[in-house]
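Commentary on secondary and tertiary structure
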Amino acid sequence: MASLTYYLAAGAPATPPLWRILTQVGYFGALALSGGVFLVLAFLLPVAARGGAAERAVRGLVPYVAAVTLIAGYAQYAGRIARSKLGLSFTESLAPSRFGAYLDLPKEKGAWISAPVMATAQLGLFALAVALLVALRLVDGRAMAVLAGAGFAVIVLAASAPSLTTAVVGMDAAANRILKLAHILACVVWLGGLFVLAAAGLRARRSGADGAGAFARMWGRFSAWAMGAVIAVGVSGLWLTWVHVGSFAQFVTTPYGRYLLIKLLLVVGMVVAGAYNVRVLIPAIRRARLAGDGPTVIRLALHRFPRVVAAEAAAGIGVLLIVPFLSGSARKQADGAAAGPFDWETFGVGALLVVLLVVGCTAAVRVGSTRSAGAAGAPAS
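Residues numbered from 1 in each chain as written. Predicted model: local features only at pLDDT ≥ 70, side-chain atom pairs only at ≥ 80, totals over all residues. Heavy atoms only, no water.

1. Quick word on the overall build of the protein chain
A tally of regular secondary structure across the protein chain gives 15 helices and 0 strands. Classification of the 381 residues of the protein chain by burial places 45% in the buried group. At a minimum sequence separation of 6, the contacts of the protein chain that also span at least 24 residues come to 78%. If you sum the accessible surface of the protein chain, you get close to 18,300 Å²; carbon and sulfur atoms cover 69% of it. (Helix = DSSP H or I, 4+ residues; strand = E, 2+ residues; numbered from the N terminus. Buried < 20%, exposed > 50% of the residue type's maximum accessible area, 1.4 Å probe, protein only. Contact = heavy atoms within 4.5 Å. Areas by Shrake-Rupley, 256 points an atom, 1.4 Å probe, with all protein chains shown as cover.)

Set out below in structure tokens:
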């Protein structure tokens, strides 16, 4: 009882209801899964591998991803109705008869379009994404890649829709909008690629040289996308942490800080696994391919790599489970001062951070490539 009184006095937020946890996790999970399928088929799958084992492994995931996207998109829309001023329960909000009253709600001050209208537009984008996923089962070759590219654009728009509801006034609001959106889109790309490649890789473990060659190329291509996502997550994450956490002590003295600390530890684990992939596994696969060592390529590309990425994807699921609990801010819960406004000095620090992250990631990849090339060209002992 004493601890409960302490947390209430400290302004600790109530645990979100189960429906809100499930809808938020499902929402971001659906964006990541559908975005990951479109990303892999449009940009990562080699042209020479079309119709092969790798493509079949990815396309085999499509019905499940389509079902998750359809259910999660609808549940998220019902959740928005339940959180609106209508005062409806989540169960009541699932009924289509409630949509009209939700759409009639006026737009808020500072918004160029009402949140219900934008939420409805997002629901339409989810439906379009599902239709494109279903269509992927009906086409092949170049048409499939084009369709997947269109689907990826639809997912980007769906993920961006909530951020585009209110008008941007001032540099601080613009920075907050851009960095939040960058954080979401980077997570969709990073987690989506991990989820889909891990699942497809595990499905294709017995595909032999055909699947190994395709997946080896896809792992390498995805590393470039993941590197960009890590940079975006790093910069935007530091900004959001500064906005919501006023001191290191708040990471352990506030509920928000503790949840955020767990999320950061999971992300660090994902970055470490990604660095292992880029610095160790991808160069090892490249060396084996150059040496004509097919069995090693198969072992690394179809067995070891999927296991590492599956562990990375599991950490990503942990990140999604933490998101619903990150409400409010540590600053407010600790009765601290709000973060200062975004200004040109802050912009300069952020720009420097971007440069340092780009240089660091590029150097890591080049060192791995150099070691791989050197080992491949070295005389056999």
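Now that the structure is up, let's keep going.
2. Section: helix α8 (residues 141–160)
An ideal rise of 1.5 Å per residue puts 28 Å on 20 residues; α8 measures up with 29 Å between its terminal C-alpha atoms. Within the sequence span of α8, burial applies to M144, A145, L147, A148, G151, F152, V154, I155, A158, A159 and S160. (Expected span 1.5 Å × (residues − 1).)

3. So, a positive patch on the surface
A grouping of R205, R206, R299, R304 and R307 is seen on the molecular surface, where their side chains present a positively charged patch. With respect to the helices and strands, the residue R307 is situated in helix α13 (residues 294–322). (Patch = residues over 30% accessible without salt bridge, like charges linked within 9 Å, V, L, I, M, F, W, Y side chains within 5 Å. Salt bridge = Lys/Arg side-chain N within 4 Å of Asp/Glu carboxyl O. Lys, Arg positive; Asp, Glu negative; His and termini not counted. Charge placed at Lys NZ, Arg CZ, Asp CG, Glu CD.)

4. Observations concerning the pattern of salt bridges
Per the counting criterion, the structure on display carries 2 salt bridges. The shortest N-O distance in the salt bridge between E55 and R59 comes to 3.1 Å. With a gap of 4 residues between them, E55 and R59 both fall in helix α3 (residues 53–59), about one helical turn apart. By the burial criterion, E55 is buried, and R59 matches it.

5. Focus on a nonpolar patch on the surface
A cluster of nonpolar side chains, V252, L261 and L265, forms an exposed patch at the surface whose accessible area comes to about 270 Å². Among the structural elements, V252 can be located in helix α11 (residues 250–253).

6. Remarks on the side chain of R331
In this fold, R331 is placed in helix α14 (residues 330–333). What makes R331 buried here is its relative accessible area of 11%. Only 2.8 Å separates the side chain of R331 from the backbone oxygen of W242, close enough to count as a polar contact. (Polar contact = N/O pair within 3.5 Å; in protein donor to acceptor, adjacent residues only side chain to side chain.)

7. Concerning the nonpolar core
Counting 80 residues, the largest nonpolar core has F38, L136, W190 and F215 as its most contacted members. With residues up to four places along the chain from it excluded, the contact list for W190 reads F222, A226, A229, V230, V233, V267, M270, V271 and E312. Core analysis: the next-biggest nonpolar cluster, separate from the first, contains 7 residues, Y77, I81, F99 and Y102 among them. (Core = buried A, V, L, I, M, F, W, Y, C linked by side-chain atoms within 4.5 Å.)

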